[in-house]
Amino acid sequence: MDSSTKEAMTSTNEHVSSVPHPSTVGWWKQPYLRQLYFLMPFLFLGSTTLGYDGSVLNGLQTMESWQSFFHNPISSKLGIIGAIPGFGGLAILPFAPYIADGLGRRTGTAIGCVLVILGSLIQSFPKASDPLPMYLAGRFIMGCGATISNATCPLLITEIAHPQHRGKVTTVYNSVWYLGAIIAAWTTFGTLVNLSGNLEWRLPTGLQCLMPGIQLFALYLIPESPRWLISKGRDDEALNFLTKYHGNNDPNDEFAKWEYTEISETLRMEKQAAATSGWHELVRTPGNRKRCFLIIATAIFSQCSGNGLVSYYLSSILKTIGFTNSKTQAEINGGLTLWCWLVSLGCAFLVDRVGRRVLFLFAGVGMLISFTVWTACSAVYAKTGSQAAGSSVLAMIFLFYGVAGAAWPGLTVSYTVEILPFHIRAKGLTLCFVFTQLSGVFNQYVNPIGLANLQWKFYFVYIAVLVIECLVIYFFYVETKGPTLEEIAILFDGENAHVGGTMKMSGKKIEERIEHA
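Residues numbered from 1 in each chain as written. Predicted model: local features only at pLDDT ≥ 70, side-chain atom pairs only at ≥ 80, totals over all residues. Heavy atoms only, no water.

### Re the overall build of the protein chain
Across its full length, the protein chain holds 25 helices and zero strands. The burial tally for the protein chain puts 59% of its 517 residues in the buried class. A sequence separation of at least 24 residues applies to 81% of the contacts in the protein chain between residues at least 6 apart. (Helix = DSSP H or I, 4+ residues; strand = E, 2+ residues; numbered from the N terminus. Buried < 20%, exposed > 50% of the residue type's maximum accessible area, 1.4 Å probe, protein only. Contact = heavy atoms within 4.5 Å.)

### Quick notes on the packing of aromatic side chains
Following the criterion strictly, the structure yields 27 aromatic pairs and no others. Taken together, a centroid distance of 6.0 Å and an interplanar angle of 85° make the contact between tryptophan 27 and tryptophan 28 edge-to-face. For tryptophan 27, a relative accessible area of 28% corresponds to the partly exposed category. Centroid distance tyrosine 415 to tyrosine 477: 5.6 Å. Interplanar angle 10°. Geometry classified as stacked. Here tyrosine 415 is found in helix H21 (residues 410-419), whereas its partner tyrosine 477 is found in the loop between helix H23 (459-476) and helix H24 (489-493), with 62 residues between them in sequence. Judged by relative accessible area, which is 1%, tyrosine 415 ranks as buried. We classify tyrosine 477 as buried; its relative accessible area is 5%. The structure contains a cluster of three or more aromatic residues connected by ring pairs, namely Phe371, Trp374, Phe400, Tyr401, Phe458, Tyr459 and Tyr462. When the ring centre of tyrosine 474 is taken as origin, the NZ or CZ atom of arginine 357, which lies over that ring, is 5.4 Å away. (Phe/Tyr/Trp six-rings, centres within 6.5 Å; stacked < 30°, edge-to-face > 60°. Lys NZ or Arg CZ within 6 Å of the ring centre and 35° of its normal.)

### What about helix H4 (residues 75-92)?
For H4, built from 18 residues, the straight-helix expectation of 26 Å at 1.5 Å per residue is met to within 8% by its first-to-last C-alpha distance of 27 Å. The sharpest bend along H4 reaches about 40° and sits at alanine 83, with the proline proline 85 one to four residues further on. Here H4 has its buried residues at Leu78, Gly79, Ile81, Gly82, Ala83, Ile84, Pro85, Gly86, Gly88, Gly89 and Ile92. (Expected span 1.5 Å × (residues − 1). Bend = angle between axes of the 7 residues up to and from the residue.)

### A closer look at helix H20 (residues 387-404)
Taking 1.5 Å per residue, 18 residues should reach 26 Å; H20 reaches 26 Å between its end C-alpha atoms and fits that length. Here H20 has its buried residues at Ala389, Gly390, Val393, Leu394, Met396, Ile397, Phe400, Tyr401, Gly402, Val403 and Ala404. Between the side-chain oxygen at the start of H20 and the backbone nitrogen of alanine 388 there is a gap of 3.3 Å, and the oxygen is on serine 386. (Polar contact = N/O pair within 3.5 Å; in protein donor to acceptor, adjacent residues only side chain to side chain.)

### A look at the side chain of glutamate 159
By the secondary structure assignment, glutamate 159 is in helix H7 (residues 131-160). Judged by relative accessible area, glutamate 159 falls into the buried class, the value being 0%. Of note is the side chain of glutamate 159, whose polar atom sits 2.6 Å from the side chain of serine 225. When neighbours within four sequence positions are excluded, glutamate 159 is seen to be in contact with Arg105, Ser225, Pro226, Arg227, Trp228, Phe422 and Arg425.

### Side note on the pattern of salt bridges
All told, the structure shown has eleven salt bridges when counted by the stated rule. Here arginine 291 ties to aspartate 493 by a salt bridge, and the two come within 2.9 Å at their closest N and O atoms. Of this pair, arginine 291 sits in helix H15 (residues 286-303) while aspartate 493 is found in helix H24, placing the two residues 202 residues apart along the sequence. Using a relative accessible area of 1% as the deciding quantity, one classes arginine 291 as buried. For the salt bridge of aspartate 352 with arginine 356, the shortest nitrogen-to-oxygen distance reads 2.8 Å. Note on arginine 356: relative accessible area 1%, which makes it buried. (Salt bridge = Lys/Arg side-chain N within 4 Å of Asp/Glu carboxyl O.)

### Quick look at the environment of valine 380
Among the structural elements, valine 380 can be located in helix H19 (residues 356-384). Take valine 380: its relative accessible area is 41%, and that puts it in the partly exposed class. Sequence separation between valine 380 and tryptophan 456 is 76 residues, and the spatial gap between their C-alpha atoms is 9.8 Å. With residues near it in sequence (within four places) discarded, valine 380 still touches Gly385 and Ala389.

### A closer look at the packing of H15 against H21
Where H15 contacts H21, the axes come no closer than 10 Å and their chain directions differ by 175°. The angle between H15 and H21 falls in the class roughly antiparallel. When H15 is examined against H21, the residues Arg291, Leu294, Ile295, Thr298 and Ser302 are found in contact with a partner set consisting of Thr412, Tyr415, Thr416 and Ile419. Its residues assigned to classes, the contact of H15 with H21 shows four nonpolar, four polar and one charged. (Axes fitted to C-alpha atoms, helices over the stretch in contact; angles between N-to-C directions. Parallel < 35°, antiparallel > 145°, perpendicular 65-115°, else oblique. Nonpolar A, V, L, I, M, F, W, Y, C, P; charged D, E, K, R; others polar.)

### Regarding the nonpolar core
Among the nonpolar cores identified, the biggest contains 95 residues, and Met40, Leu43, Phe371, Trp374 and Tyr477 are the most heavily contacted of them. Those residues in contact with tyrosine 477 that sit more than four places away from it in its chain are Leu294, Ala297, Thr298, Phe301, Arg357, Phe360, Tyr415 and Val472. In this structure, Leu57, Trp66, Ile84 and Trp201 belong to the second largest nonpolar core, which totals 21 residues. (Core = buried A, V, L, I, M, F, W, Y, C linked by side-chain atoms within 4.5 Å.)

### A word on the packing of H19 against H21
Running from amino to carboxyl end, H19 crosses H21 at an angle of 145°, the nearest separation of the two axes being 12 Å. Crossing of H19 over H21 shows left-handed handedness. Contacts between H19 and H21 involve Arg356, Leu359 and Phe360 on the former and, on the latter, Leu411, Tyr415 and Glu418. For the contact of H19 with H21, the class distribution of residues is four nonpolar, no polar and two charged. (Left-handed = near helix turned anticlockwise from the far one by under 90°.)

### Here's the deal with the side chain of glutamine 215
When you line up the elements, glutamine 215 lands in helix H11 (residues 210-218). For glutamine 215, the side chain forms a polar contact with the main-chain oxygen of phenylalanine 42, separated by 3.1 Å. Ignoring sequence-local partners within four residues, the contact set of glutamine 215 consists of Phe42, Leu43, Leu45, Gly46, Thr109, Cys113, Ser149 and Cys153.

### A word on the confidence of the model for the protein chain
A residue-level look at the protein chain finds 89% of positions with pLDDT of 70 or above and a mean pLDDT of 84. Across the protein chain, helix H6 (residues 105-124) holds the top mean pLDDT of 95, while helix H1 (residues 3-15) sits lowest at 39. Note that residues 1-17 has pLDDT below 50 and, in this model, 21 contacts with residues that lie over four places away or in other chains. Residue range residues 502-517 is modelled with pLDDT below 50. Its contacts to residues more than four positions away, or to other chains, number 32 contacts. (pLDDT = per-residue confidence, 0-100.)

### Thoughts on a nonpolar patch on the surface
Among the surface-exposed residues, Phe293, Val467, Leu471, Tyr474, Phe475 and Phe476 lie close enough to one another that they form a single nonpolar patch of about 620 Å² accessible area. Considering every element that reaches the nonpolar patch, the biggest residue donor is H23, with five residues. The topology assignment puts valine 467 in helix H23. In this structure valine 467 comes out as partly exposed when scored by relative accessible area, which is 36%. (Patch = residues over 30% accessible without salt bridge, like charges linked within 9 Å, V, L, I, M, F, W, Y side chains within 5 Å. Areas by Shrake-Rupley, 256 points an atom, 1.4 Å probe, with all protein chains shown as cover.)

See the structure below:
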C-alpha cells in the first residue's frame, strides 16, 4: 500500500470514526426524497423501451398485414429482423462508457432517447417496393439508442438512490422491461382486432417513440449523479444533492455528511490506486477479474436460459403446440407479459430481504425444472398431437417465466452495477451489455433456425445451459445485500479494498452486516 493511500485512510478515519444511521422516517414522509423517487419512473422508461421492442416483434408476427408487407419472413430472414438491434447495440457499446463518464449520466440518456425516436420513425415508413433495408436500418439505429440509454439510466438510478433503497430501486428498473412488453403486446392486439391494412402494424411500431419522448423531456427535472459530479470536481453540487435528497435538506445531517465523505474519499483512493483508466483496469486485480467473470456469467444467463425463445418467437413456439389462431396468440402474448411483470416487480422488493444470491438460485433451479417438463410435454405433443400436452407446455411457459422473474431481468443490471467500483462501473456495465447483446444476437438469429429444423429437440441446448447456470450461481456468486456501494468492494478486494470513510470496517464485519441485513 503506497503512502498516499495510507494518508487517505488516516484522513478518512480521523473524520469518520463510525457510520451514522440514516433517518428512520419513511421515504414517503421525507419531502425531498419523495420528490426524487417520484421522478424515478421517468428513468425506468429506459427499460420499458427495450421491453417494447421485444414484445412488439412478437405482436407484429401475428399480423397478416405485416407478414404480407415484408414478404412472410421466416428462418434466417426473420432472425436478422430480430437480431439487428443487437448489432446496433454492439456497434455503439465501445463508446457508451465514454459517453456516460465524459458527458454524464443524464446527457447520455438524452442521446439514447433521440436515437430511439429516430430509429422508430424510420421503421414505421419503409418503402413498399423494398421494405427490408429501411426497416433494418431503423431497427439498427433504435438498437444504438436503446443501448446508450440502458448503459446510462441504471448508473444514474443506482448512484442517486438512497443506500437504504438502492437494491429495490435498481432492481425495479430492469423489472419494468415487462411494462414495455405489456404496452406493446396489448397495443398490437388492439390494432390487430380494430384496424386493418398497413396502419395495423405501423401504429404500434411508431408508438415506440412515446416512452423515450417522455423521458427526454423529464430529464431536465432529474438531478445528476453525485458520484459523477465529484469525479468531475463539482463537489459542492454533489454535497448539495446528498444534503437535499438523502439528508432531507438539513445541512447538519450526519448521514449525508458521512456519505459525501465516503464517496469522495473512495473515488480519490480508487483513482490513485488504478493503474489506468482504460479497459485493462477491468482485469488488473484478482477482485476485478472475479467481478468480470460474474458480470459475463450474469449477462449470458440472462439471455440464454430459454427465455429468449419466448421473448422474441412466441408465435413460432405456439404454432408447434397447436395454437395457430392469430387472436389467440396475441391474447397469450399479452397475458404472459402481464404475468411476467407482476412476478418480476414483486420479487424486486425481496432483494434486500432474502438477498440476491438466493433469488438467483431460486430462479435457476425453478427454470431448470419447468423447462425440462416443458421439453417433455413438447415431445409428447410432437408424437401424439395431444391437446392436453400442448396445454401443459403453455402452463410450463407461464411457470417458467414465473420463477425466472425472481432474478431475470431485474437483477441483471442491478447486480452488475452493485459489484463494480465507480472508476470501472460504466465500463463494467458495458461489458455486461456486450455479452448480453452477443447472447441476444445468438437467441434472435439462431433460435428461429433451431426451431425450424429441430423443433422441440432444440430445447435440450437450454437444459444444458440451465444446469451450468445453477452450478455457477451456487459456487461463485457473492451476496451483496447490506453494504453501501463503496463497502461492497471489501467483499471482492479484501484487505486491498479502497473504501473511504469505512476503512475500520473489516471484511468479516461486512459479512455480518450482510447476514443481518
